[in-house]
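The primary structure of each chain is shown beneath.
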Amino acid sequence: MLSEAKHLKSHKILRYAQNDKKVTIHTYYYSTYNYKHYRPMNTKLLMVASAVALNACGPKELKLNEKNIDQIVDAMTLEEKALLVTGVGMDKGEEGLSATVGSQAELVPGAAGSTHAIPRLGIPAVVLADGPAGLRINPTREGDEQTYYCTHFPIGTLLACTWNQELVEEVGKSIGNEVLEYGADVLLAPALNIHRNPLNGRNFEYYSEDPIVSGKTAAAYVRGIQSQNVGTSIKHFMANSQETNRTGVNSIIETRALRELYLKGFEIAVKESDPWTVMTSYNYVNDVYTSENPELLQDVLRTDWGYKGMVMTDWFGGKDAVAQMHAGNDMLQPGKPSQYHQIIDGVNNGSLNIDDLNRNVKRILEMVVKTPRFKGYKYSNKPDLEAHAAVTRQSAVEGMVLLENKNNALPLAENVKNLAVYGLTSYQFIAGGTGSGNVNRAYTVSLLDGLTNAGYTIDQEVKTTYTDYQQHLADELAKKSKQEQFLEAFMPKGLPTEIIPAPAALSKAAKTNDAAVITIGRISGEFLDRTVDNFNLTKEELQLINKVSAAFHAVGKKVIVVLNIGGVIETQSWKNVPDAVLLAWQAGQEGGNSVTDVLSGKQSPSGKLTMTWPLSYADHKSSENFPRAENFKLDFSVFMGGKQEEKTELVDTYDYTNHKEGIWLGYRWFDKQNLNVSYPFGYGLSYTTFEYSNATISNNGNEITINVDVRNAGEVAGKEVVEVYATAPEGTLEKPVRELKGYAKTKTLAPGETAKVSITFAVADLASFSEEQAAWIVDGGKYTFGIGASSRDIRATVEAELSAQTIKVSNVLHSVAWK
C-alpha cells in the first residue's frame, strides 16, 4: 500500500509515504513567488530521513493548542523536532549579503527568518523580523502595487535619553502594532548591551553605560510591543561589546563585572517585562560561546531569574548544535541543514539527551501558541503610519539633549526668520543606523525640510552649494557596479568630506541671514567598530564650525550646532565656539521636524545623557583594551556561517578582549579617578530651570522610597529628570563613588508648578556581587542617597541606616585568567 498526503496550509510541505509502517519525510521549501514548482531550501534538498514507526506520529487529528503541548511533543518524530529547533534557512538576497542580517521572504518578504511549520500537528510557521528602530521588511513586493513601508523610530540611544519609560512603552506599542498588522510574530529587539566603549559600532542600538537605564528602557519597550500580542527578543545575551570579530571574539570578564554590569540590565528586562524570547550573542564569554553555555542559559537565566520563555541564537551564532541544544539554546537561527543532521545524529549516538531536545521543543511550542499566526489573526497590511509618525516625532524631541546654550541662544528668537544652513547632513539627515537596525520607511524629514515646514526661510545660495555637491556624489555612485552601490548603502564607510564655505560667500551669508545652523553627522551601523578618527571631528568639520562662527559672530549673530550622530564624539575642543549645541542623535524619519520643534521653542528639550562624554577617548579605562577597527579587516564569510582560519597565535582585542576595567566603566571610572569630563552621565539642559526641595526617605526593610518636590523655577514649560545615586558604606568590596539606583521624569510643568516625585527601589538593588560567596552582598551601615540632575549635579541628599543582606545565587560563570 502506498498513500501520500500533501499539506498546503503553510509554506512548508510535508509528504508522507507509508511503506511497511515506516515514514519517509521529505521537506520542501514552498516559494510564494513561484507557484509552479516546489524548490528545496537554498535550492538543495534539506533532508530525506527515515522516521520512527507511523503510529509514533500520533493520531491524525491531533492539533496543537495551549493545553496539549506535552502531548504534541510526544507525538512529534525526531526529525520534526530537529526541524522545529532549527530555522528554515536563508534566502540569498542581493549579492548574497542579506544573510548577514537575515532575509527570509516567503511569509513576510524581507523578514529575518521563520520557524518550520508542521501542518499535520497544527504547528504553523512563525515569522521573526528585525528591529529595534522599527519593523524591517521589504517595502515593495514583486507584482504588487501596494507599499509596505514601516515607521523609522529614533535609535535606541535616543529613546534611553528620554528617561521616560511611559513614552518608550508608547513607542513600543506603535512598533508592535506594525509587527502585528504586517503579519510578523516576533520582533528581534530590543538590544540592550552595555556601552562599554564609545567606539562600539552598534552603540546606537544600545541604551547606556549603566545597567539600570538599559534594563528599565528595555523593559518598557518590551511591555509596549507585547501589549499588541506579538513577541520580542531581548538581545544580545551577553557582553556583545564590540563588532570587530563579533562572531569569534572571546570576552574575558570578571564575574563581578558580569553580574553587576553585563547581566544586570537583562535581569531587569526579564523580571519587569517577561519577553517572549531571549537572543544569545555571537561571542564567547570566558572561553565558552554564550549559545553553548548552560551556566548562562539555565543557571542564571532560568534558575536565578525565573525566566520561562524561549532562547534563540543570533543569525549563525555558535558552532556546535548539540552543545547549544544541551545548553538550553532552544532554537538555532537562521537554520542550516548541517545543524539538523547534527541534532539527529546526536540523539542517535547518545551525545544529545532526548530530554534536552524535548525541553527545547516544548519552549518553542509555548511561544508558538501565543503568536498571532497560531491564533489566526487576519492582519491588514495597513497599520496607521500617520499616527505612528506623530509618535516618533514626539519621542525624538524628548530624547534630544541640549548640551550648550550660551546667553539663551535657543530657542531661536521670534525675529529669527532667515537661516543659513550648513553641513552635509542638514540636507540628508541620518534617520538611524545601517544593517539589521535599518527600517525601510517612506521618507526621511531632513533638517532643511523641518525648518522649511516651520516657516523659516533658507539661504538658497548656501543650499545650492550642498545640493550640487550631493548630486555630484550621486552621479559618481551611479557609475559604480550594483554590488559596490549595495555595499555603500548597506555598510557605508563614512560621510563625504565636509564643504568649507568660501570667505566671500560666508561673509555674504552672515550679513543676509539672522542665524546659522550647522549639522555634524556620523553614520552608525553594525559589522564595524568606529575609529578614533571617527570619534574626533575632522579638520574640515572643525574649520566649518570655526569659520561660520567667526563670520556670524562678527556681525552679532548666533550659530547653532546640531549633532546628527549615533554615538559619543569629542566635544571639548570646540563646544564653546558656537552659541548652542543640540545633540539630536539619529531621530528617525521625522528627525528634521523634531529638531525644529526644539530649535524653534515649540518644545523644551528634556533629554539627558545616558553615558559619559569624556574630554578625550583615552580617558575611558576600556580604551586600553578595545579594538582599533582600522587595524582589522571585516570577513563577511564568517558572518554567513563560514569557518574561521585556524590560528597559531591569538590576536589581542580581535580573538580575545580582556575587560580589565572590571566594574570601572563609564561614570564609575571617571568618578573613581575624579577625572574631568566634557559632559557627565545624566546631564542635559532645558529652556527652563528646576528647583529641588523637601527630600525625604522611607525604608521598610525591603524597599526604599525617596520623595522630592521639583519646581519649575523658569519662564517656560518643561520636564525634568530626577536621578537617585547611592553611596555605600565601606565594606568587604570596593564600591563606586556613586551608582544610579532609580530615576523618574516629571510631567510637563508650567512655570511655577511643583511636582512631587517618588522613586522606589529594592534594598537588594544596593548589593554588590561577591564571586567568592556566589552572592549579592548588601553591607550594613549608613547609605547616602544623592538626588540630582546629573551624576555630578546633586541637589539634595538623604541618608538611611540599613541592615546587612546576603542573597545567594548559582555559583557559576567564574572568572578566568586574562589572556
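Definitions and limits used
Residues numbered from 1 in each chain as written. Predicted model: local features only at pLDDT ≥ 70, side-chain atom pairs only at ≥ 80, totals over all residues. Heavy atoms only, no water. Helix = DSSP H or I, 4+ residues; strand = E, 2+ residues; numbered from the N terminus. Buried < 20%, exposed > 50% of the residue type's maximum accessible area, 1.4 Å probe, protein only. Areas by Shrake-Rupley, 256 points an atom, 1.4 Å probe, with all protein chains shown as cover. Phe/Tyr/Trp six-rings, centres within 6.5 Å; stacked < 30°, edge-to-face > 60°. Axes fitted to C-alpha atoms, helices over the stretch in contact; angles between N-to-C directions. Parallel < 35°, antiparallel > 145°, perpendicular 65-115°, else oblique. Left-handed = near helix turned anticlockwise from the far one by under 90°. Contact = heavy atoms within 4.5 Å. Nonpolar A, V, L, I, M, F, W, Y, C, P; charged D, E, K, R; others polar. Expected span 1.5 Å × (residues − 1). Pairing = 2+ DSSP bridges. pLDDT = per-residue confidence, 0-100.

Caption draft 1: Broad picture of the overall build of the protein. A tally of regular secondary structure across the protein gives 23 helices and 32 strands. Per-residue burial over the protein gives 61% buried out of 819 residues. In the structure as shown, the protein presents an accessible area of about 30600 Å², 47% of it carried by carbon and sulfur atoms.

Caption draft 2: Geometry of the packing of aromatic side chains. What the rule picks out here adds up to 17 aromatic pairs. A centroid spacing of 6.2 Å and a plane angle of 65° characterise the contact between Trp585 and Trp613, whose relative ring orientation is edge-to-face. Separated by 28 residues along the polypeptide, Trp585 in the loop between strand E19 (580-583) and helix H21 (591-599) and Trp613 in strand E20 (residues 613-614) bring together distant segments of the chain. Look at Trp585 and you get buried, because its relative accessible area is 0%. The exposure class assigned to Trp613 is buried, which follows from its relative accessible area of 0%. Residues Phe769 and Trp776 carry aromatic rings whose centres are separated by 5.2 Å and whose planes lie at 70° to one another, so their mutual orientation is edge-to-face. In this pair, the class of Phe769 matches that of Trp776, namely buried.

Caption draft 3: Quick look at the packing of helix H18 (residues 503-512) against helix H20 (residues 539-554). Where H18 contacts H20, the two axes come as close as 9 Å, and the packing angle between them is 45°. Here H20 runs oblique to H18, going by the angle between their axes. Remark: the crossing between H18 and H20 carries right-handed chirality. On H20, the residues that touch Leu506, Ala509 and Ala510 of H18 are Lys547, Val548, Ala551 and Phe552.

Caption draft 4: Structural detail: the packing of helix H5 (residues 211-226) against helix H7 (residues 264-273). One can describe the packing of H5 onto H7 by two numbers: an axis separation of 8 Å at closest approach and a directional angle of 35°. In this structure, H5 crosses over H7, and the sense of that crossing is right-handed. On H7, the residues touching Pro211, Ile212, Gly215, Lys216, Ala218, Ala219, Val222, Arg223 and Gln226 of H5 are Lys264, Gly265, Ile268, Ala269, Glu272 and Ser273. Its residues assigned to classes, the contact of H5 with H7 shows seven nonpolar, four polar and four charged.

Caption draft 5: Highlighting helix H13 (residues 385-399). With 15 residues, H13 ought to run about 21 Å at 1.5 Å a step, and its terminal C-alpha atoms sit 21 Å apart, in line with that. The set of residues buried in H13 consists of His388, Ala389, Thr392, Ser395, Ala396, Val397, Glu398 and Gly399. In this fold, the buried residues of H13 make contact with helix H3 (156-160), helix H4 (165-181), strand E14 (401-405), H21 and strand E26 (739-745).

Caption draft 6: Representation of the pairing of E19 in the model. In E19, alternate side chains face the same way, and those of Ala580 and Leu582 on one face and Val581 and Leu583 on the other are all buried. Bridge count for E14 against E19 is four bridges, and the pairing is antiparallel. By the bridge assignment, Val401 is partnered in E19 with Leu583. Here strand E18 (residues 558-564) runs beside E19; their pairing, made up of four bridges, is parallel. Considered in E19, the bridge of Val562 is made with Leu582.

Caption draft 7: View of the confidence of the model for the protein. Taken as a whole, the protein shows an average pLDDT of 90; of its residues, 89% reach a score of 70 or greater. Here residues 1-59 scores under 50 on pLDDT; set against residues more than four positions off or in separate chains, the count is 142 contacts. Throughout residues 91-102 the model reports pLDDT below 50, and contacts reaching past four residues in sequence, or to other chains, amount to 43 contacts.

Caption draft 8: A look at the environment of Glu295. Structurally, Glu295 can be placed in helix H8 (residues 294-304). Owing to a relative accessible area of 29%, Glu295 belongs among the partly exposed residues under this scheme. With 32 residues separating them in the primary sequence, Glu295 and Ala327 have C-alpha atoms 7.8 Å apart. Excluding residues that lie within four positions of it along the chain, Glu295 makes contacts with Val300, Val812 and Leu813.

Caption draft 9: Quick peek at the sheet that holds strand E29 (residues 775-778). The strand order across the open sheet formed by three strands is E28-E29-E32, and the pairing between neighbours is antiparallel. Two strands in the sheet have a free side with no partner beyond their single neighbour: strand E28 (768-770) and strand E32 (805-808). Taking each pair of neighbouring strands and ignoring which way they run, the sheet shows an average axis angle of 30°. Relative to E32, E29 is paired through four bridges, and the arrangement is antiparallel. Bridge pairing links Val778 to Gln805 in E32.

Caption draft 10: Broad picture of the pairing of strand E31 (residues 793-802). Summarising the sheet, strand E30 (residues 781-790) and E31 pair through nine bridges and their orientation is antiparallel. Along E31, the bridge assignment pairs Phe785 with Val798. What sits between E30 and E31 in their antiparallel hairpin is a turn of two residues.

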